[in-house]
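So you can see what is in the structure, the chains are spelled out below.
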Amino acid sequence: MAVNEIDVAASPDEVFAVLADPERYADWVVGAAETEEEGGDWPQEGATLRYEAGAGPLVVTDVTEVVHSDPPRRLVLRAKLRPAGELRIGLVLEPSVRGTRLTMTEEPVEGLVAATHTRLTDAVLGQRNEAALDRLRQLVEAGR
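Residues numbered from 1 in each chain as written. Predicted model: local features only at pLDDT ≥ 70, side-chain atom pairs only at ≥ 80, totals over all residues. Heavy atoms only, no water.

### Observations regarding helix α1 (residues 12-19)
Along α1, the residues that are buried comprise Pro12, Val15, Phe16, Val18 and Leu19. In a view along the axis of α1, the buried residues occupy a sector of 155°, so they form one face of it. (Buried < 20%, exposed > 50% of the residue type's maximum accessible area, 1.4 Å probe, protein only. Helix = DSSP H or I, 4+ residues; strand = E, 2+ residues; numbered from the N terminus. Arc of directions from axis to C-beta.)

Dropping the structure here:
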């Protein structure tokens, strides 16, 4: 499992507000573009968000579903990476001296990505998630 943490100079409510805005998803999720709510009311449990992922001729349309939502403390998502499988993403927000300590976990749970999961794939996911958390931090702090 890839685990990344970052401190954000904003309250958990302010951080969760960006996570709860489906129009901001592609602003912080590395590789995502053209987001659109597909079903439900994001980020309520069962809500889905459709987006394009990839680059150049390798662009696919995928869906992320909210598995668990506990604003402003926790958000658990299941991202489909067709045809490669699915990932489970957890975001935990904890108050800190600076504002919020945000922990992101990501693990392959189905398909080829789960079958080929190694420490090397965790390292790759970790690098991508480090960039995603930094983007999220910048969005939140710029909006204060």
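That was the structure; now back to the text.
### Describing the environment of threonine 35
Its place among the elements puts threonine 35 in strand β2 (residues 32-39). Looking at threonine 35, the relative accessible area reads 22%, which means it is partly exposed. Along the primary structure threonine 35 and valine 67 are separated by 32 residues, whereas in three dimensions their C-alpha atoms are 18 Å apart. Those residues in contact with threonine 35 that sit more than four places away from it in its chain are Pro22, Glu23, Tyr25, Ala26, Leu49, Arg50 and Tyr51. Within polar-contact distance, the side chain of threonine 35 engages the backbone oxygen of proline 22 at 3.1 Å. (Contact = heavy atoms within 4.5 Å. Polar contact = N/O pair within 3.5 Å; in protein donor to acceptor, adjacent residues only side chain to side chain.)

### So, the environment of arginine 82
Within the secondary structure, arginine 82 is located in the loop between β5 (74-81) and β6 (85-95). Residue class for arginine 82 comes out partly exposed when judged on its relative accessible area of 45%. In sequence terms arginine 82 and threonine 61 are 21 residues apart; their C-alpha atoms lie 8.2 Å from each other.

### Observations regarding the sheet that holds strand β3 (residues 48-55)
The sheet built from seven strands is open, its strands ordered β1-β7-β6-β5-β4-β3-β2 with antiparallel pairing. Each of the sheet's edge strands pairs with one partner strand only, and the pair in question is β1 (2-8) and β2. Here the strands of the sheet are splayed against their neighbours by 25° on average, with no regard to which way each runs. When β3 meets strand β4 (residues 58-70), the two strands line up antiparallel, connected through eight bridges. When the sheet's bridge partners are listed, alanine 55 is paired in β4 with leucine 58. Sheet contacts for α1: β1, β4, β5, β6 and β7 (100-110); angle to β6, the most-contacted strand, approximately 155°. Contacting β1 and β7, helix α4 (residues 119-142) runs over the sheet at an angle of about 20° to β1. (Pairing = 2+ DSSP bridges. Axes fitted to C-alpha atoms, helices over the stretch in contact; angles between N-to-C directions.)

### So, the packing of α1 against α4
Two numbers describe how α1 lies on α4: the axes approach to 10 Å, and their chain directions differ by 115°. Relative to α4, the element α1 lies roughly perpendicular. For the pair α1 and α4, the crossing hand works out as right-handed. Between α1 and α4, the residues in contact are Glu14, Val15, Val18 and Leu19 and Leu136, Leu139 and Val140, respectively. When the residues that make up the contact of α1 with α4 are grouped by side-chain class, the tally is six nonpolar, no polar and one charged. (Parallel < 35°, antiparallel > 145°, perpendicular 65-115°, else oblique. Left-handed = near helix turned anticlockwise from the far one by under 90°. Nonpolar A, V, L, I, M, F, W, Y, C, P; charged D, E, K, R; others polar.)

### Some points on the packing of aromatic side chains
All told, the structure shown has three aromatic pairs when counted by the stated rule. With centroids separated by 5.9 Å and ring planes inclined at 70°, the aromatic side chains of tyrosine 25 and tryptophan 28 adopt a geometry described as edge-to-face. Within this pair, tyrosine 25 and its partner tryptophan 28 are both found in helix α2 (residues 25-28), separated by three residues, close to a single helical turn. Classification of tyrosine 25 by relative accessible area gives buried; the value is 4%. Among the residues examined, tryptophan 28 registers a relative accessible area of 3% and is labelled buried. With centroids separated by 6.0 Å and ring planes inclined at 80°, the aromatic side chains of tyrosine 25 and tryptophan 42 adopt a geometry described as edge-to-face. Here tyrosine 25, found in helix α2, pairs with tryptophan 42, found in the loop between β2 and β3; they are 17 residues apart in sequence, far enough to count as distant. A residue is classified by how much of its surface remains accessible, and tryptophan 42, at 5% relative accessible area, is buried. Following the ring pairs from residue to residue traces out a cluster consisting of Tyr25, Trp28, Trp42 and Tyr51. (Phe/Tyr/Trp six-rings, centres within 6.5 Å; stacked < 30°, edge-to-face > 60°.)

So, to be careful, I would describe these as geometric facts and stop short of saying anything about function.
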